[in-house]
There are 4 protein chains.
Amino acid sequence: MGRVREAVSRQGEKGGKARATRALLLDAAVKVIGRKGYTGATVDEIVEEAGVSKGLAYYHFKSKAEMAESILDTGMGELADEFVEIAACADSGPSALVGMIERFAVKIFENKEFGRFFVSELWREGRVWSGSMRENEERLLGLIRDQLARAKAEGLIRPEIDVDFEAVALVGMVLTTSLYYIDEKAAVSKEAFIENIIDFVRHANVGTEQ
Amino acid sequence: MGRVREAVSRQGEKGGKARATRALLLDAAVKVIGRKGYTGATVDEIVEEAGVSKGLAYYHFKSKAEMAESILDTGMGELADEFVEIAACADSGPSALVGMIERFAVKIFENKEFGRFFVSELWREGRVWSGSMRENEERLLGLIRDQLARAKAEGLIRPEIDVDFEAVALVGMVLTTSLYYIDEKAAVSKEAFIENIIDFVRHANVGTEQ
Amino acid sequence: MGRVREAVSRQGEKGGKARATRALLLDAAVKVIGRKGYTGATVDEIVEEAGVSKGLAYYHFKSKAEMAESILDTGMGELADEFVEIAACADSGPSALVGMIERFAVKIFENKEFGRFFVSELWREGRVWSGSMRENEERLLGLIRDQLARAKAEGLIRPEIDVDFEAVALVGMVLTTSLYYIDEKAAVSKEAFIENIIDFVRHANVGTEQ
Amino acid sequence: MGRVREAVSRQGEKGGKARATRALLLDAAVKVIGRKGYTGATVDEIVEEAGVSKGLAYYHFKSKAEMAESILDTGMGELADEFVEIAACADSGPSALVGMIERFAVKIFENKEFGRFFVSELWREGRVWSGSMRENEERLLGLIRDQLARAKAEGLIRPEIDVDFEAVALVGMVLTTSLYYIDEKAAVSKEAFIENIIDFVRHANVGTEQ
DNA sequence: CATGAATGAGAATTCATTCAT
DNA sequence: CATGAATGAATTCTCATTCAT
């Protein structure tokens, strides 16, 4: 902590400490919520994980729900930003898709708690954050759809492909397999597994036409 | 109803009413738990949905956890049984797979609450039923793997296919897209959507090699 | 408790126990809230005073606020009902007013906690029960106003009297003096003190014109 | 302001800013406490209303209770001082009483939050300031009693009047009606309303004996 | 079988107060 | 003087479970 603070306090960083604490809490929250689910996680566990007092959590966040919303927003927002960048750099739809799938899988591999939280909230109704969840979800799906459409326009994938459907299918597939293979303390390396997804999708998209 | 009961209550049918009440409660439980998640659902809501008293729920089930376990066991067990039958009747691996995918999707379409419960518990640790969940999950995956292997042996799908991976991917894809398309009050018909999955998988499996 | 129950349980009194418990809780709540004020009173104290578990309080009342609202509604409602009866039986406006003042004072004397709660909530805004409080208050004031108007019509009080004003003044005077004289463990008897109020009001109303 | 401060900060004016901040906080505190009650008001709200930091509030006041005590002491003290002056200037008991009633009503009209706070604390036990509250209350009542006694001695009010009782009644009546008529965004002017009180009291005091 | 009142452990949230800067 | 992050004890409210009837 000492080091971090020194590094930051140099340049008029007012509120740097507050931001750091927020991040600390958010990190702890992802871990606990990912493990136990939103309702199952307790604020007590979160603050213990973060090593701060309970009051502090409520100083920084209005409620447990706000923490969760913040996690989802941040996580999905970052992912979407990266998708945008990947799309911009890629020289074709399919290569953008490969990049996105890879990025998505890696993110979940590196942060399985976030993945779990994400997947278990995806279909839940009546949460305070359901609205922003849907927005983020649609943004992510939209970015994938764009690249599928692009690939189609480029003539690089089968014209019969239903981009709306496939976008959803890709997300589900990546989510499910990633989470599955993290738990399998299996011999399966992250790379091998990502290779598998990409291979699967490529064949599904290109198909027999050639 | 009164008459029927009297007529049969003499014999083994002694527990007929009991069985009916259990089913009533279980139905209510899937609905509520599917909507709010296991921890989020309360026994009060469940019994209200079922229209019975709380005492009665505890007469039939030892605990809320037992209800949930029962739901999962029954639902996944039925599915597995049907998979077994489909596998037995199919004349080839791929046709068995198509049957399974179809059956799985239809089941979720007809009971989205079960689907939601299933997906949200899939990656959760530390539940009393985690063990039986894993078993059921493995049984389901095993049945799919078998058919993938069969298809491979039959030379009907690409030899490079990793059956372990694909079994998981299929489950995730079907789960995700089904749940997504139920929520979309969209114009997408169940049939059209299932067609999409099957088409996607067929191409992924057969690939360019032809 | 045993005796009460026996007395009640005889005649198909289903829910009699529930009603008794509600009353028990309400009694305890008036005491504690009257002593410490609404915000100052804790549910813990209330249930301890009632000798029941905390859960039970929330089984019977949705919230602490609902308890308070219930107290106010019941207390003010009873008072208003009695005012109606007094008005009906009285043979003149002034005699009705005397009856009301007396009744009001006695009620507070016998239940100072209710009086305190009442007076401290009278001017508070933004409570969940503020609405029903206003209604009850207006009902009470209206009944007093009616009798003032009647007395005026009967020519028994000065014609310049502003009935709107006086109704409020009477309530305030009775409330304040009653509460003051309860606390004074003084030698002042309830009767002597009520006599004082009535004398004061009579002169104010009849005045010098005679 | 900067210049002024520099010019005077040398001497006794050292605490000029401090005094200003205290006043700022006290003003904010009356507003919030009058609105929400003592226990209902939070230090956070008070400092926000005052536009200063929480630390500053605790620099100037030892505790929230001290703020409240200070408000009550100041407000009641000022009122008492004014009563003393009114008594000294008045040429008769009744005219002093009229002056006091008027002053009291005006004070509440101009600062309804103080009035609300006052009335809601009047009957509360167990506050740290309950002692000084009682003292102030008694001082106020004493000053009124003195003038009632004087009026009686002057033969200007009925001899049967119980001065102890009436002092309390006057305070309650003024408090209640003032607060009521402030809330009524009614057409009732402050002057007309005060006229009403005075007229009521005069008749009550002089009565039929003439 | 069936009811619903009752319990108590635990969870979310609030808030006066302290303290490093 | 001034700030606002941090604390922890107290408080409201929830909920699975039990039990008398």
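So, a few notes on the structure that sits alongside this text. For clarity, every value in this text was computed on a predicted model and none was experimentally measured. (Residues numbered from 1 in each chain as written. Chains lettered and ligands numbered in written order. Predicted model: local features only at pLDDT ≥ 70, side-chain atom pairs only at ≥ 80, totals over all residues. Heavy atoms only, no water.)

Attention shifts here to the protein's contact with DNA strand E. Around DNA strand E lies a shell of 36 residues, among which Tyr58 of chain A, Tyr59 and His60 of chain C together with Val43 and Lys54 of chain D are the nearest. Here the atoms of DNA strand E within 4 Å of the protein split so that 69% fall in sugar or phosphate, with bases taking the remainder. The separation between a phosphate oxygen of DNA strand E and a polar main-chain atom of valine 43 of chain D is 2.8 Å. Tallied by class, the residues present in the surface near DNA strand E amount to 13 nonpolar, 13 polar and ten charged. (Near = heavy atom within 4 Å. Polar contact = N/O pair within 3.5 Å; in protein donor to acceptor, adjacent residues only side chain to side chain. Nonpolar A, V, L, I, M, F, W, Y, C, P; charged D, E, K, R; others polar.)

Here we come to the interface of chain D and chain C. Across the contact, 47 residues belong to chain D and 46 residues belong to chain C. Carbon and sulfur atoms supply 63% of the area that chain D and chain C bury against each other, a total of about 4,100 Å² over both sides. Three residues stand out in chain D for area buried against chain C, namely Trp123, Phe165 and Phe200 of chain D, and they jointly supply 20% of the buried area on that side. Viewed at the interface, chain C and chain D are joined by two salt bridges. One salt bridge in this structure joins aspartate 199 of chain D and arginine 158 of chain C, with 3.2 Å as the shortest N-O distance. For the pair chain D and chain C, the number of links is 14 residue pairs in polar contact (both at pLDDT 80 or more). Those elements that place two or more of their residues in the side of chain D that touches chain C are α2 (16–36), α7 (112–121), α8 (130–153), α9 (163–183) and α10 (190–206) of chain D. The greatest single-element share of the side of chain D that touches chain C, amounting to 14 residues, is contributed by α9 of chain D. (Contact = heavy atoms within 4.5 Å. Buried area = accessible area lost by both parts, 1.4 Å probe. Salt bridge = Lys/Arg side-chain N within 4 Å of Asp/Glu carboxyl O. Helix = DSSP H or I, 4+ residues; strand = E, 2+ residues; numbered from the N terminus.)

Least-squares fitting of chain B to chain A yields an RMSD of 0.2 Å, with the transformation described by 0.0 Å of translation along the axis and a rotation of 180°. Such values leave the two copies arranged in the relation of a two-fold axis. The position closest to the rotation axis in chain B is occupied by the C-alpha of alanine 204 of chain B, lying 1.8 Å away. (Least-squares fit on C-alpha atoms with pLDDT ≥ 70 in both.)

With an axial shift of 0.0 Å and an RMSD of 0.2 Å, the rotation relating chain D to chain C amounts to 180°. Comparing contact sets, 98% of the residues at the interface of chain D also lie at the interface in chain C, consistent with an isologous, same-surface contact.

Tallying the contact residues gives 47 residues for chain B and 46 residues for chain A. For the pairing of chain B and chain A, the buried interface totals around 4,100 Å² over both sides, and the portion due to carbon and sulfur atoms is 63%. Taken together, chain B and chain A are joined by two salt bridges. Counting every contact that joins chain B to chain A gives 14 residue pairs in polar contact (both at pLDDT 80 or more). Residue assignment for the side of chain B that touches chain A shows that the elements contributing at least two residues are α2 (16–36), α7 (112–121), α8 (130–153), α9 (163–183) and α10 (190–206) of chain B. Counting residues per element, the side of chain B that touches chain A draws most heavily on α9 of chain B, at 14 residues.

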